[in-house]
Amino acid sequence: MNQVDARGYSCPEPVLMTKNALKNGTPLVVLVDNETPLQNVRRFAANNGYQVSWKEVGEDYEITITK
Amino acid sequence: MTKFKGHLPVILAGLVVGIASVVLVALGNPVNMGFCIACFLRDIAGGVGMHRAAIVQYIRPEIIGLVLGAMIMALAGKEFKVRGGSSPMTRFVLGFCVMVGALMFLGCPLRMVIRLGGGDGNAILGLVGFIIGIFVGTLFLKAGFSLKKSQPQPKIEGLLMPAVNVGLLILVIAAPAFIFFSVEGPGSMRAPIAAALIAGLVVGAIAQRSRLCMAGGIRDAMMLKDFHLLMGFVAIFVAVLVGNLIVGGMGLKGGFNPGFAGQAVAHTDGLWNLLGMVLVGLGSVLLGGCPLRQLILSGSGNSDSSVAVLGMVVGAAFCHNFGLASSTDGPSFAGKVAVIIGLVLVCAIGAGNTKKA
């Protein structure tokens, strides 16, 4: 599965990593470690017509992006 | 409608920041300087004696409030996650360079917007420079610029910056003899400590929640056609403009005074206003956020941002110790040289941290 580990990267890298990874298709799973990239990645995906779901995994968040 | 709801927090945050800054001016802060991260960090550097420019020395409670308000909100929202270790020296130098640019222009990006809302035409040149700087920053980001991963750190690492600010609060209230308080100039113009602290706490909390960021707004609009953060930027301008018109109408301190010459704590050298803000815009994008955002993050457990803030404080002291900061008469020669060196240095940092380098 297409997966991006964006934990620890500062703004706006998680979004750019997501953008690049989406070129390889969906579903894409993005891991982030705080609320700011969680919101940013979700907003980016929703703005670009993707379906987004997410869940907390321990200290981190797992965002799943599908067409 | 759901879309608008998503934007509401950041718009609200912008309005609150704008209103708070107009109110702080009416209560005593320098004109068009209700809030300025660069100016206030510089004042704090002076307050603790790191520089001896007698007119800009005061431990600004607004900054203390911003950091502690962000911390309280981050703790309340279970977002206080301590992270650090992402290129600390680079972040220190970037913070330093951002301050060199800000003190050329005489304001951080937040004060730039506040100056625009007060009618200061010189800030238009600053805005143009800021946009250019952000554009150059996005080129580095597109080329793969990264300051690398941060790592989880022990709680105490994230609590040190708030602790420093508690210490500063004690100092400004106790006012021991070894602390500096300007008796004239911008540093002597101040809202009452309680009002300044409360304004800082409120703005810090709401900025943490909404992720308000001056550089992020323009960056995201350019790179991602995402106008979310930009709405906060515009909201600050609108609130300051309307607030100034009201305050001016009431005959209080502040108000809307359109023009270029004779603006409060500003100079009219357009080229250097522009170049100073190019440096601020570029440095802010490479840091991942404007000075306000760095301060908020430093209160939220992000010790990388704390290092950037320390870079700004040391940069401010350096600027005033060595005559790099502009005055209302205009920029100094040394300041111009410093901005050029800063631009070269920041570009080198940008190039040196891209994947293709």
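Analysis parameters
- Residues numbered from 1 in each chain as written.
- Chains lettered and ligands numbered in written order.
- Predicted model: local features only at pLDDT ≥ 70, side-chain atom pairs only at ≥ 80, totals over all residues.
- Heavy atoms only, no water.
- Contact = heavy atoms within 4.5 Å.
- Buried area = accessible area lost by both parts, 1.4 Å probe.
- Salt bridge = Lys/Arg side-chain N within 4 Å of Asp/Glu carboxyl O.
- Polar contact = N/O pair within 3.5 Å; in protein donor to acceptor, adjacent residues only side chain to side chain.
- Helix = DSSP H or I, 4+ residues; strand = E, 2+ residues; numbered from the N terminus.
- Nonpolar A, V, L, I, M, F, W, Y, C, P; charged D, E, K, R; others polar.
- Phe/Tyr/Trp six-rings, centres within 6.5 Å; stacked < 30°, edge-to-face > 60°.
- Buried < 20%, exposed > 50% of the residue type's maximum accessible area, 1.4 Å probe, protein only.

S.K.: Even after reading the chapter, I still don't get the interface of chain A and chain B, so can you show me in this structure?
M.R.: By convention, interface size is frequently given as the accessible area that disappears when the constituent parts associate. Taken together, the 22 residues of chain A in the interface contact 21 residues of chain B. When chain A packs against chain B, the two sides together hide about 1,900 Å² of surface, and 44% of this comes from carbon and sulfur. Together, Pro12, Leu16 and Arg43 of chain A form the three largest contributors to the area buried by chain A at its contact with chain B, with a combined 23%. At the boundary of chain A and chain B, one finds four salt bridges. Here arginine 43 of chain A ties to aspartate 226 of chain B by a salt bridge, and the two come within 2.9 Å at their closest N and O atoms. Taken together, the links from chain A to chain B amount to eleven residue pairs in polar contact (both at pLDDT 80 or more). Elements with a minimum of two residues in the side of chain A that touches chain B: α1 (13–21), α2 (35–47) and β4 (60–66) of chain A. For the side of chain A that touches chain B, the element with the highest residue contribution is α2 of chain A, accounting for six residues. When its residues are assigned to classes, the side of chain A that touches chain B shows seven nonpolar, six polar and nine charged.

S.K.: In this structure, what is going on with the packing of aromatic side chains? I would like to understand it.
M.R.: Any aromatic ring pair is given by two values, namely how distant the centres are and how the planes are angled relative to each other. For the coordinates displayed, the defined rule picks out four aromatic pairs over all chains. A ring pair is formed by tryptophan 54 of chain A and tyrosine 61 of chain A, whose centres lie 5.9 Å apart and whose planes are at 65°; its orientation type is edge-to-face. On the basis of relative accessibility, which here comes to 39%, the residue tryptophan 54 of chain A falls in the partly exposed class. Plain terms: the ring middles of tyrosine 58 of chain B and phenylalanine 181 of chain B are 6.0 Å apart, the flat faces sit at 45° to each other, and that makes the pair tilted. Placement of tyrosine 58 of chain B in the loop between α2 (37–47) and α3 (61–76) and of phenylalanine 181 of chain B in the loop between α7 (155–174) and α8 (193–210) is noted, with a sequence separation of 123 residues between them. The buried category is assigned to tyrosine 58 of chain B, whose relative accessible area is 2%. With a relative accessible area of 27%, phenylalanine 181 of chain B lands in the partly exposed category.

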